[in-house]
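# Reading the structure
Read off the chains here:
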Amino acid sequence: MTQTTDAAAAAAASEARPEPTRPGRPTRAHRAWWVAAVTFVTIIGAAAFRSLPGILIDPLHQEFGWSRGTIGAAVSVNLALYGLTAPFAAALMDRFGIRRVVAVALMVIALGSGLTVWMNSAWQLILCWGLLVGLGSGSMALAFAATVTNRWFTERRGLVTGVLTAASASGQLIFLPLLSWIVETYDWRPAAVTVALAALAVVPFVWLLLHDHPADVGQKPYGAKEFVPKPAPVPGAARRALTVLFAAVRTGPFWLLAGTFAICGASTNGLIQTHFVPAAHDHGMPITAAASLLAVIGVFDVVGTIASGWFTDRFEPRRLLAVYYALRGVSLLFLPMLLAPSVHPPMIFFIVFYGLDWVATVPPTLALCREHYGEDSAIVFGWVLASHQVGAALVAFLGGVARDRFGSYDVVWIASGALCAAAALMALVIRRRPVPVAALS
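Fair warning: this is a prediction, and the values are worked out from it, not measured in the lab. Residue positions within a chain follow its written sequence, with the count starting from 1. Residues qualify for local features only when their pLDDT is at least 70, as the model is predicted, and side-chain atom pairs are given and counted only at 80 or more; totals for whole chains, interfaces and linings, by contrast, use all residues. Excluding hydrogens and water, the side-chain figures rest on all heavy atoms present in the structure.

### Considering the overall build of the protein chain
A run of H or I in DSSP becomes a helix once it reaches four residues, and a run of E becomes a strand once it reaches two; helices and strands are each numbered from the N terminus. Scanning the protein chain for helices and strands turns up 18 helices and zero strands. Between buried and exposed lies partly exposed: a residue is buried under 20% and exposed over 50% of the maximum accessible area for its type, with that area taken using a 1.4 Å probe on protein chains only. Sorting the 441 residues of the protein chain into buried and exposed places 55% on the buried side. Residues count as neighbours in contact if any of their non-hydrogen atoms are within 4.5 Å of one another. Taking all contacts inside the protein chain whose residues are at least 6 apart in sequence as the whole, residues at least 24 apart take part in 84%. The method behind every accessible area is Shrake-Rupley, applied with a 1.4 Å probe, and residues are considered shielded solely by the protein chains displayed. Element-wise, carbon and sulfur atoms account for 68% of the exposed surface of the protein chain, whose accessible area totals about 18,600 Å².

### Notes on helix H16 (residues 362-373)
Working rule for helices: expected span equals 1.5 Å times residues minus one. In this model, H16 (12 residues) spans 16 Å end to end at C-alpha, consistent with the 16 Å of a helix rising 1.5 Å per residue. H16 sits mainly inside the fold: 11 of its 12 residues count as buried. Of all the residues in H16, the buried ones are Val 362, Pro 363, Pro 364, Thr 365, Leu 366, Ala 367, Leu 368, Cys 369, Arg 370, His 372 and Tyr 373. The positive-phi residue at the C-terminal boundary of H16 is Gly 374, with phi of around 55°.

### Quick notes on the environment of Trp 181
Its place among the elements puts Trp 181 in helix H8 (residues 157-185). As for Trp 181 and Ala 291, which are separated by 110 residues in sequence, their C-alpha atoms are 9.3 Å apart.

### Concerning the packing of helix H13 (residues 287-312) against helix H15 (residues 345-357)
H15 packs onto H13 with a crossing angle of 40° between their chain directions and a minimal axis gap of 6 Å. Put simply, H13 runs oblique to H15. The two elements H13 and H15 meet at a crossing, and its hand is right-handed. Packed against H13, whose contacting residues are Leu 293, Val 296, Ile 297, Phe 300, Asp 301, Val 303 and Gly 304, the element H15 presents Met 347, Ile 351, Val 352, Gly 355 and Leu 356 at the interface. Polar here means any residue other than Ala, Val, Leu, Ile, Met, Phe, Trp, Tyr, Cys and Pro, which are nonpolar, and Asp, Glu, Lys and Arg, which are charged; Gly is therefore polar. When the residues that make up the contact of H13 with H15 are grouped by side-chain class, the tally is nine nonpolar, two polar and one charged. For helices, the fitted line uses only the C-alpha atoms of the stretch in contact; every axis is such a line through C-alpha atoms, and the angle between N-to-C directions lies from 0 to 180 degrees. An angle counts as roughly parallel when it lies under 35 degrees, as roughly antiparallel when it exceeds 145, as roughly perpendicular when it falls between 65 and 115, and as oblique in every other case. Here is the rule for handedness: rotate from the far helix to the near one, and if that takes an anticlockwise turn smaller than a right angle the crossing is left-handed, while a clockwise turn gives right-handed.

### Side note on the side chain of Thr 39
Within the secondary structure, Thr 39 sits in helix H2 (residues 31-50). Apart from the residues lying within four places of it in its own chain, the contact partners of Thr 39 are Phe 144, Val 148, Leu 164 and Leu 210.

### Here's the deal with the pattern of salt bridges
Two side chains that carry opposite charge are able to pair once their charged atoms sit near each other. Just to be clear on terms, a salt bridge is a Lys or Arg side-chain nitrogen sitting within 4 Å of an Asp or Glu carboxyl oxygen. Following the criterion strictly, the structure yields six salt bridges and no others. Among the ionic pairs, Arg 189 bridges to Asp 187, the shortest N-O distance being 2.9 Å. With its nearest N and O atoms 2.2 Å apart, the salt bridge here joins Glu 316 to Arg 318.

### Brief notes about the packing of aromatic side chains
Stacked, edge-to-face and tilted labels apply to pairs of Phe, Tyr and Trp rings (six-membered ring for Trp) whose centres lie within 6.5 Å, assigned for plane angles under 30 degrees, over 60, and everything in between, in that order. Under the definition given, this model contains 11 aromatic pairs. A centroid spacing of 5.6 Å and a plane angle of 80° characterise the contact between Phe 254 and Trp 255, whose relative ring orientation is edge-to-face. Any Lys NZ or Arg CZ that is within 6 Å of a ring centre and within 35 degrees of that ring's normal is treated as a charge sitting over the ring. Positioned over the ring face of Trp 207 is Arg 99, at 5.1 Å from the centre of the ring.

### Description of the nonpolar core
Leu 60, Val 102, Phe 144, Phe 254, Ile 272, Phe 276 and Met 347 are the most contacted members of the largest nonpolar core, which has 122 residues in total. Ignoring anything within four residues of it in the chain, the contact list for Val 102 reads Thr 42, Met 93, Met 140, Phe 144, Val 206 and Leu 210. Here, nonpolar core means buried Ala, Val, Leu, Ile, Met, Phe, Trp, Tyr and Cys residues that are tied together by side-chain atoms lying within 4.5 Å of each other.

### With respect to the packing of helix H5 (residues 98-115) against helix H6 (residues 122-138)
With their axes 7 Å apart at the nearest point, H5 and H6 run at an angle of 165° to one another. Between H5 and H6, the angle falls in the class roughly antiparallel. Seen along the crossing, H5 lies across H6 with a hand that is left-handed. Contacts between H5 and H6 involve Ala 105, Val 108, Ile 109, Leu 111, Gly 112, Ser 113 and Leu 115 on the former and, on the latter, Cys 128, Leu 132, Val 133, Gly 136 and Ser 137. When the residues that make up the contact of H5 with H6 are grouped by side-chain class, the tally is eight nonpolar, four polar and no charged.

### Topic: the state of the cysteines
Any pair of cysteine sulfurs within 2.5 Å is marked as a disulfide. This structure, assessed with the given rule, holds zero disulfides. The thiol of Cys 264 is not disulfide-bonded; the next cysteine sulfur, from Cys 420, is found 8.1 Å away. Residue classification places Cys 264 among the buried positions, given a relative accessible area of 0%.

### A few points about the environment of His 275
Tracing the backbone through its elements, the reader meets His 275 in helix H12 (residues 269-282). Given a relative accessible area of 1%, His 275 falls into the buried group. Spatially, the C-alpha atoms of His 275 and Gly 400 are 7.7 Å apart, while their sequence positions differ by 125 residues. Residues in contact with His 275, not counting those within four places in the same chain, are Ile 57, Gly 270, Val 395, Ala 396, Gly 399, Gly 400, Tyr 409 and Trp 413.

Treat this as a map of the structure, not an account of what it does.
Written out as structure tokens, the structure reads:
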């Protein structure tokens, strides 16, 4: 009897013992990385239309006679809505799921960019380019990346945030040279159609592959030690977004983060992305050459943002922000002396440097939102991003007005450099002690 019992116990232990891993057998990647990859491609598709403003300012001015201030107003509506939509989109993702919100947003972008082909009045430019595309792209702003990161990752969040942030620059890298060539060779209308088709092409990937939560596929978030059940849909998306905002504005870190990020948007999307090509063209540089320089910014933006995510996992975020803004401000002060009819080494150095710093501010800003605001950090970051786009919108408009008024962009570069210096000081003032999450409830 004893021998029989021992044999049975040994057999049971043998069955319970996990089978040793075979040498050389590849480990299956966690589903979170696939979701991050689809998110990356989606943001690239959304970035396509955001590549167009700087390329189209001169063609629209020449064809319709609209002033640069008028065209800049349409760009400013687009940039403002890109930010203001983000917190509501993050709340809608909690209510209806990531997949549905993003698929609808891509179709709205395609509609807006496609309708621009038939426009002949400035108000139509504002409606299509500003309103529709602003709403669609805002639904896939960095709050979308923050939602995906928060749900699918508990480790490597800084790195993933950097990679997803770099997707916008990658879209610029992919589409800017192509779109500038289309505009130069054919017209601006085929470029708008190309953007619409690019947005539609991403929809099937989103619908089939972008899962809302790890629990949908029976997995834990990457790096989590325990299974996390999928939370119930949160009703009242608009009410929740506003409730979180009203709670956050009572805290000091929110205003400092919003202020620094507004300056970030003013000195990137509002300034360089919108006005660099026409400013370089003012100095005799061909549009295709200037657009190619912006594409190079996109190359190094990918490197800089991913590196910033790696740094954010290891160093104090507020000090990183101070360094980023200070260096950006110094580089802008030198830009008026670098613009010339041809590309030369100092200009290339500026482009590389500015690319590395372009949105390197995002990973530390998101990390500070997560540190101070916990589970509501994605929505808070959406509001901080709204300030980013409001800053971008103001400079997109005022930059065009300044060009019409003074005949050059020099005053805009200098003012933006001074603002970046102020942002560096504001970043250092952000306190380290987290605000209790309960304070937001």
